[in-house]
Each structure stands twice: as C-alpha cells, then as structure tokens.
Amino acid sequence: MSWAIEVQNLNVWYGDKHIIKNVSFRVPKNVIFAIMGPSGCGKSTLLRAMNRLLDLNPHARVEGQVKINGINIYGDNVDVTWVRRQFGMVFQIPNPFPHLSIYENVALGPKLNGLVKDKSQLDELVKQALQKAYLWDEVKNDLRKPASMLSGGQQQRLCIARALALKPRIILMDEPTANLDPVASSKIEELLLELKEDYTIIIVTHNPQQAARVSDYVAFLYMGELIEIGETSTVFTRPSNILTEKYVLGRMG
Amino acid sequence: MRLNKRKIIDRLMLGIISALAIASAIPIFAIAVNVYSEGARYISLNFLIDLPPPPVGGGGGGIGPALVGTLVLVALALAIGGSIGFFTGLYLSEFSHTRLAQYTQMFLQVMVEFPTIIVGLFAYMILVAPLKRFNALAGAIALSIVIIPYIALNVREAYKSIPYTLKEAAFSLGVSAPIAYLRILLSAARRGVLTALLIGLAKAAGETAPLLLTILGTTFTYFGGLDQPINAIPLLIYNFALSPYEKWHQVAWGAAAVLLTIILAIFIVSRLIVKEVKV
Ligand SMILES: Nc1ncnc2c1ncn2[C@@H]1O[C@H](COP(=O)(O)OP(=O)(O)OP(=O)(O)O)[C@@H](O)[C@H]1O
Ligand SMILES: [Mg+2]
C-alpha cells in the first residue's frame, strides 16, 4: 500500500513544553482521516507539523519524520515551499485575505506559484476551485468584491477553494467548522465527502460526532499522545482504550 | 450638602484640566496663525518657481531653488532611508525573538531621540570633508539617517499588527518568505507602511539641523548636481530670516507658509489613511 503521508516518532516542543509526544501514524490515499481530541491536546500543533507551517513559530521545535512520497519533509535539502505546496490548508477561523477580492483570494496561490500560463487558464482554475468548494453559484457575479463581504460559511468555503486552487495532494483542515453555524457546517461536511475522490483529507476536530460522520479513519489524541487509531467504525463501536471510550461517549471535555 | 461640595470640586477640576488642555494647544494655533498671516500673502505659482529676489530692488521673487532642493533631498532620503527603514522594520517584526533584532530596536529607539545636528556632523565628516565641498548627497544621507528609525519602528508596528492567522494563510500557499511578506502581507499592512513613509516624508521635509553642515544652501542655483551645494526650504527660512534684508524676511515668511502647508497636507493624508474603514 502506498501512503499519502507517514508520520514517524514525531515530537514537538514549544520552548520546554512537550506538546506532541512520539506520535506515529500513516494515512492511506483518498480517505478522510480525522484527528480528534479535547481542546489543548495538540491537534493544531500536530497538523502544522505536517506541512512545516510550524516553522513560522520560532519557539517550536520538531523531531521525528513526516514523509510524503517517501520523502522526509524535515530532511536536509528539502525545500519548505515545495513541502507546503503539497498541502492545502484550511484554518479554524476562516482567514481569507480581507483586502483582496474573492477572485484574487483564489487566484493568488496559483499565480505566485506559476501554476498557470495565462489569464484565461487562471480564470478557469479559479472557477473550478470555486465550483469544487460549492461556492461558485453564490459568488460568480461578485468575483471582484472584497472577500470580507462574505458570510462566515462562505468565507470558509472560499478558503477551501483557495487551498484547492494550489492543486495539492493533501488537504489539512483545522476544525474547519468550529466557528460556523450548523447549516454552514453541514455544507462543509458534505463537501468533504465529495473532495475525498480527488484528495486525501486530514481533518482536525474536537467534536467526536463530526469525526464519526465524515471520516474513514480516526486518531484519538490526548495530552499530546496518540491513544488510539483505526477505522472510524471500529474506533467508535469497539474502542480498545478506556480513554477513547470515554471520549467518544462524550464523557470527557 | 456633602454631595454638592464634591460636585463643585469635580466641576472645578474638570474646568482646570480642560483649560490646561486648551492652553497646550494654543502655541500650535498661534504659530499657524502667525505664519499664515505673515506668509500666506506671498504664496503664488511664481513664488514657488522663481529665484529669490535680490536683497534690494527687483520684484518679489520666489523660493524655486529651495523647493527643488527639498524635492530632490526628500525623494533621495525616502529612496535610501525609506528602503533601509522598511526592511529593517520588517526584520524587527519577523525576527523579534532574536538578540540582533532586540538590540537593533533599542538602538533605533535611541536614534529617534538623537540630536539631528550630530547626524549632520557625521555626514559632514564622511561626505563633506573628504570631498572638500558641501553637497546634496551628504544632505540626503543625513536626512536618510534621521528618518530611518521613524520608518523602521512604524513599519515594524504595521507588520506586527497583521493577524497571525493571515500570516499562516500566506505561507500555507507555499511561497517563499520574500513573496509572502512583499506580495501578500504588505497589502495587509499597507496603511501602517504608508503612514510610516509619510512620517518619514514629513520629517525629511521639515528638518533643518542635518542640512546646516551638509548642503550649505544656494541662493540662485536650482540644481547643480548631487555633488554640489543645494538649497532646501527650512534652510532658506533659516538663512533668510537671519539676513538683514526686509525682502528676504518676506520670502522667509512665504517659505514658512509653504512648508507648514506641506507638513499639514502630509499629516491630513496620513490621518485619512488611518481612518479609512478597516476591513
Ligand atoms: N504558539 C504557542 N506557544 C506556546 N504554547 C502553545 C502555542 N500554541 C499552542 N500552545 C500550547 O500547546 C498546547 C496544544 O495546543 P494546540 O493549539 O495544538 O491544541 P488543540 O488541540 O488544537 O486545541 P484546540 O482544540 O483548543 O484548538 C496547548 O497547551 C497550548 O496552550
Ligand atoms: Mg486547535
């Protein structure tokens, strides 16, 4: 089996605080892989270690390996911009560039990375990305308007379109629905199931129900340790660890 | 009864404080009123373009050479000090955890307080004395050094004010740091950066001390090259105000009104930039 991403003995520290403790797991291609766990257990940190976005934080230190296509992204001579281009990332709080238009938010990545040859290709790519994110119909007449005029749910789908326009292999999502209302949340969950056809999706959530609804595989992270990992149906029906059981039954914060 | 007494004291205190606040603003208004009432009447298009009048006889004349000089000096200072200050500010913001950035910032904060005549003296030593000639470049360098700390510290604030999540969004696109900072995040920080440049602009246009020992000033030459003396409006005001000629005093008042107008315009523009509705 070839894996979308392999994490081996990953450790992360913020200063002297040991946040991610010797975590290892592998994610198959074209699945939705959920990382669930209580608030503060290190989910966002783990996700940011996977595309080296953690490099932005001067106090963060990473040890261990993360492999995509057999290449350790923390190895010597690895270009960090190449690493990040393998991933599309969607954040906990929708964060479109507020000063840019809807169109520019999606077009910026492909343009700066030279993914397109001319304007018409770029237009097409933007359109496709917005369609895949189920936003096109709502914004096609407002492409030149600022992204800040969109609703929260629309902004988050715009961020998904922005990530898709990079043509990544893997999409990282950090609680993409945490700040949205139920209607907007379920729209995004439906969208995930569609996207799985073309991408591998790693989604962080502190909501076990959401993990149960959308994911094929799930990992349970608790205080920086990987407590349990497996097929979602198994983990939710026959958890092997008492902590996991408590968590999925909602008996833990 | 006691309540009333307290009310009276409150009122009294408020009255005193308000009076003091108004009093502190009086000098600014007095200066502006004075400068415009003495100088505004001389301002005309010709006044901006023409050579100064001969000390006695002849027409009203103008401040052409000084205005040209100020434009040249300010443009050079913004190009040199603006770019050095900008990149220093960006460094201070993004590497604020490093020793070097912390020391640099401290150094710049001291530089803000530095007597600008000493900056002029420094430029004199490195650029005037060796060339044995007062020159425009020395003035531009001195002004650059004066404005670098203002620009750097304000650009630092501008970049610091970008939400971390936007920074993450920019870098998650897989672009290099220069592209992230200059092509994506600069526009998110544009108000602060523009304000920083305008503060530098106002400072460069208004400073006199760094120019005294560097450009000397010319009276009847517009521009003779960067290695030659040049004039500037503040320097013209200084020189003409000290002269014994009534006509030059009038030109100095007119020049003061022009300079004040330039500074006020820069101030208003930077206010408008800050006020522009935040998105
Ligand atoms: N930049 C940082 N510097 C220092 N400590 C941090 C930093 N970011 C997070 N932490 C700490 O690291 C731990 C893990 O944080 P992280 O954000 O990864 O948790 P999380 O599981 O995503 O939580 P949540 O569900 O609330 O988003 C927390 O204890 C947090 O306080
Ligand atoms: Mg988080």
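Please refer to the structure placed before this passage.
Residues numbered from 1 in each chain as written. Chains lettered and ligands numbered in written order. Predicted model: local features only at pLDDT ≥ 70, side-chain atom pairs only at ≥ 80, totals over all residues.

(A) Representation of the overall build of chain B. When helices and strands are counted, chain B shows twelve helices and zero strands. Sequence-ordered secondary structure for chain B, helices as α and strands as β, is α-α-α-α-α-α-α-α-α-α-α-α. Looking at the 279 residues of chain B, the share that counts as buried comes to 42%. The long-range fraction of contacts in chain B, counting pairs at least 24 apart against all pairs at least 6 apart in sequence, stands at 74%. (Helix = DSSP H or I, 4+ residues; strand = E, 2+ residues; numbered from the N terminus. Buried ≥ 20, exposed ≤ 12 C-beta atoms within 10 Å, placed from the backbone. Contact = placed C-beta atoms within 7 Å.)

(B) Geometry of the nonpolar core. Residues Ala161 and Ile201 of chain A together with Leu73, Ile233, Leu236 and Ala255 of chain B are the most contacted members of the largest nonpolar core, which totals 153 residues. Top element by residues in this core is helix α6 (residues 136-160) of chain B. It accounts for 18 residues. Sequence-distant contacts of Leu73 of chain B, defined by excluding residues within four places in its chain, comprise Ala136, Gly139, Ala140, Leu143, Ala204, Ile230 and Ala232 of chain B. (Core = buried A, V, L, I, M, F, W, Y, C linked by C-beta atoms within 7 Å.)

(C) Fine view of the site of ligand 1. Residue and element names in this part refer to chain A. Taken together, the neighbourhood of ligand 1 is formed by 14 residues, with Tyr14, Ser39, Lys43, Ser44 and Thr45 sitting nearest. Those elements giving two or more residues to the shell around ligand 1 turn out to be β2 (17-28) and α1 (43-50). Take the shell around ligand 1: its biggest share by element is three residues, from α1. For the shell around ligand 1, the class distribution of residues is three nonpolar, nine polar and two charged. (Near = placed C-beta within 6 Å. Nonpolar A, V, L, I, M, F, W, Y, C, P; charged D, E, K, R; others polar.)

(D) Structural context of the interface of chain B and chain A. On the chain A side, the residues contacting the 18 residues of chain B number 20 residues. Of all the secondary-structure elements, those providing two or more residues to the side of chain B that touches chain A are α7 (164-172) and α8 (177-188) of chain B. Looking at the side of chain B that touches chain A, the element that brings in the most residues is α7 of chain B, giving seven residues. Residue classes in the side of chain B that touches chain A are distributed as nine nonpolar, six polar and three charged.

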